[in-house]
Amino acid sequence: MGLLIVIDGPAGAGKSTVARRVAQHFGLPVLDTGAIYRTLALAARERGIAWSDEPGLVALAAGLPIRFEAASETGGPRVLCDGRDVTQAIRTPEISDGSSQVSALPAVRASLLEIQRRLGRDGCVAEGRDLGTVVFPDATHKFFLTASDAVRAARRQAELEGVALADVLRDLNRRDERDRSRAAAPMARAEDAVLVDSSDLDADAVVAAIVRAVTSRL
Ligand code: C5P
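Reading the values: rules and limits
Counting restarts for each chain: residues are numbered from 1 in the order of the written sequence. Given that this is a predicted model, residues contribute local features only at a pLDDT of at least 70 and side-chain atom pairs are listed and counted only at 80 or more, while totals for whole chains, interfaces and linings are drawn from all residues. The side-chain values count all of the structure's non-hydrogen atoms but skip hydrogen atoms and water molecules. Secondary structure counts use DSSP, requiring at least four H or I residues in a row for a helix and at least two E residues in a row for a strand, with both numbered from the N terminus. Restricting the calculation to C-alpha atoms gives the radius of gyration, and the globule rule supplies 2.2 Å times the number of residues raised to the power 0.38. A 1.4 Å probe rolled over the protein chains alone gives each residue an accessible area, and that area as a share of the maximum for its type sets the label: buried under 20%, exposed over 50%, partly exposed in between. Residues are treated as being in contact if the distance between any of their heavy atoms lies within 4.5 Å. The rule for a residue being near a molecule or strand is that one of its heavy atoms must lie within 4 Å of it. As used in this structure description, the phrase polar contact means that two N or O atoms lie within 3.5 Å; if the pair is within protein, one of them must be able to donate a hydrogen and the other to accept it, and residues adjacent in sequence are counted only when both atoms belong to side chains. Each accessible area is a Shrake-Rupley estimate made with a 1.4 Å probe; only the visible protein chains count as cover when residues are assessed. Classification used: nonpolar for Ala, Val, Leu, Ile, Met, Phe, Trp, Tyr, Cys and Pro, charged for Asp, Glu, Lys and Arg, polar for all others including Gly. Residues enter a nonpolar core if they are buried and are Ala, Val, Leu, Ile, Met, Phe, Trp, Tyr or Cys, with the set joined through side-chain atoms within 4.5 Å. Between any two strands, pairing holds if DSSP finds at least two bridges.

**Here's the deal with the overall build of the chain**
Here comes step 1: Regarding its fold elements, the chain presents nine helices and eight strands.
Here comes step 2: For a compact globule of 218 residues, the expected C-alpha radius of gyration is about 17 Å, and the chain comes in at 16 Å, within 12% of that figure.
Here comes step 3: Seen along its three principal axes, the alpha-carbon backbone of the chain occupies a region of about 50 × 40 × 35 Å.
Here comes step 4: A burial count over the chain gives 47% of its 218 residues as buried.
Here comes step 5: When contacts within the chain are restricted to residue pairs at least 6 apart in sequence, long-range pairs at least 24 apart make up 73% of them.

Structural data, given as structure tokens:
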């Protein structure tokens, strides 16, 4: 297996930007596991499957026609579902909330385990919530990226158009609380994960810290 670097942490901590740049540094692909939950939520919505319908979601997840394609102009991988580009459609506040609802269901998480492990098996920089603890417990390079509420909300607001800061913060907190308190694979820092608080660090500094930590253990 190639180099596997996992970055977990709450919404808006900067995982995507950092994962992309660390991946670029090491010449690895990025695996955005949140995009898988988001795509499932979108596909369910389009097929009239409720975000609480566990058996319906499991059946959908089993054959989820998701594909990642190398970098778009914005630097992130393009996400395709059924051959359609859903890169933007999965980023709305509504789908953010849906992804957090479907991801709380244990059978849904179980059914998406294999696809995550398959996509990551040749080495990658993977970002998510339970990668160091559940999906890739044997990864040798684990990080847990956090930032203060205010910083996370401001970063997320900059990615969305016309959404008030207070609404962004409320949505982030609701998702984080759900992610942290669910019984199945809650968001957690693995014991052997390095904690990185990016509240007072810019992306360059976080990337440099992670690259240094990985390189020192190669
Ligand atoms: O990372 P992102 O915000 O795109 O993830 C969307 C949602 O998917 C999260 O709020 C979380 O509920 C869920 N998720 C998860 N486990 C992961 C990645 C994402 O439960 N490994």
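**Re the site of the ligand**
Here comes step 1: Looking at the ligand, there are 16 residues lining it, with Arg38, Ser103, Arg109, Arg175 and Asp179 nearest.
Here comes step 2: One nitrogen or oxygen atom from the side chain of Asp179 is found 2.5 Å from an oxygen atom belonging to the ligand.
Here comes step 3: Look at the ligand: alone it shows 460 Å² of surface, and the protein chains cover 98% of it.
Here comes step 4: Of all the secondary-structure elements, those providing two or more residues to the shell around the ligand are helix H2 (33-47), helix H4 (93-102) and helix H8 (165-181).
Here comes step 5: With four residues, the top contributor of residues to the shell around the ligand is H2.
Here comes step 6: Residues that form the shell around the ligand fall into these classes: two nonpolar, six polar and eight charged.

**A look at the nonpolar core**
Here comes step 1: Core analysis: the largest hydrophobic core is formed by 35 residues, its most contacted members being Val6, Leu40, Leu57, Ile90, Leu112, Ala126 and Phe136.
Here comes step 2: Where this core is concerned, the elements lending two or more residues are strand E1 (4-8), H2, helix H3 (54-62), strand E4 (78-81), H4, helix H5 (106-120), strand E6 (124-128) and helix H6 (131-135).
Here comes step 3: A total of eight residues in this core trace back to one element, the largest contributor, which is H2.
Here comes step 4: Every residue in contact with Leu112, bar those within four places of it in the chain, is listed here: Ile36, Tyr37, Leu40 and Ala61.
Here comes step 5: Core analysis: the next-biggest nonpolar cluster, separate from the first, contains 18 residues, Ile5, Ile7, Val22 and Val196 among them.

**Topic: the pairing of E6**
Here comes step 1: Burial analysis of E6 places five of its five residues in the buried class, the great majority of the element.
Here comes step 2: Residue alternation in E6 divides its side chains into two sets, Cys124, Ala126 and Gly128 and Val125 and Glu127, and both sets are buried.
Here comes step 3: For E1 and E6, the ladder comprises five bridges, and the chain directions are parallel. Note that in E6 the partner of Ile5 across the bridge is Val125.
Here comes step 4: As paired elements, strand E2 (residues 30-32) and E6 share three bridges and run parallel to each other. When the bridges of E6 are listed, Leu31 appears paired with Ala126.

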